[in-house]
Amino acid sequence: MNPIFDFILALATILSGAGWLTERRKRRAENEKAELDVSTFYVKEFNENIVNPLKEELAKNRAAINAVVSCPRYPDCPVVHEISDRATAD
C-alpha cells in the first residue's frame, strides 16, 4: 500500500478514537448529572411526603405527652399508664 494512504488511515483512526472517547466522557458526565438530579428529586419528595409529616405528628404527640402532667387525672390516667408500660417494655 501507499505510505501516505497508510498515514491518512492511521490518522483518521486515531482522530475517530479520540472523538469517541471525548463523546463517551461527555455522555457519562451527563448520565451522572441526570442520576444526581433524579436522586435529589426523590430525596426532596421523600422528605416532603414522609419525613415532614412524621415530624409534625411526633411534635403533636410530644406536646400531648408533655401536657399530660397538667391533667388533674394524671396519677390515675389509664392512658398514661399504658404509654409508660409500653415505653418501659421496649
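Since this is a predicted model, take the numbers as computed values, not measurements.

A. Representation of the packing of aromatic side chains in the model. Using the criterion set out here, one finds one aromatic pair in the structure. Here Phe41 and Tyr42 contribute two aromatic rings whose centre-to-centre distance is 5.4 Å and whose plane-to-plane angle is 70 degrees, an arrangement assigned as edge-to-face. Using a relative accessible area of 44% as the deciding quantity, one classes Phe41 as partly exposed. Relative accessible area serves as the criterion here: at 53%, Tyr42 is assigned to the exposed category.

B. Looking closely at the pattern of salt bridges. Applying the stated criterion across every chain, the model contains one salt bridge. When the shortest N-O distance is used, the salt bridge between Lys33 and Asp37 registers 3.1 Å. With a gap of four residues between them, Lys33 and Asp37 both fall in helix H1 (residues 3–68), about one helical turn apart. The exposure class assigned to Lys33 is exposed, which follows from its relative accessible area of 52%.

The rules behind each value
- Positions within a chain are numbered from 1, following the residues in the order the chain's sequence is written.
- With pLDDT at 70 or above as the cut-off, local features in this predicted model cover only qualifying residues; side-chain atom pairs require 80 or more to be listed or tallied, and sums for whole chains, interfaces and linings still use all residues.
- With hydrogens and water set aside, each side-chain value is computed from the structure's full complement of heavy atoms.
- In summary, the pairing rule links any two rings of Phe, Tyr or Trp, Trp by its six-membered ring, whose centres are within 6.5 Å, and it sorts them by plane angle into stacked for under 30 degrees, edge-to-face for over 60 and tilted for everything else.
- Here's how the labels work: a residue is buried when its accessible area is under 20% of the maximum for its type, exposed when over 50%, partly exposed in between, all with a 1.4 Å probe on protein chains only.
- Salt bridge criterion: a side-chain nitrogen from Lys or Arg within 4 Å of a carboxyl oxygen from Asp or Glu.
- Numbering of helices and strands runs from the N terminus, with a helix taken as a DSSP run of H or I at least four residues long and a strand as a DSSP run of E at least two residues long.

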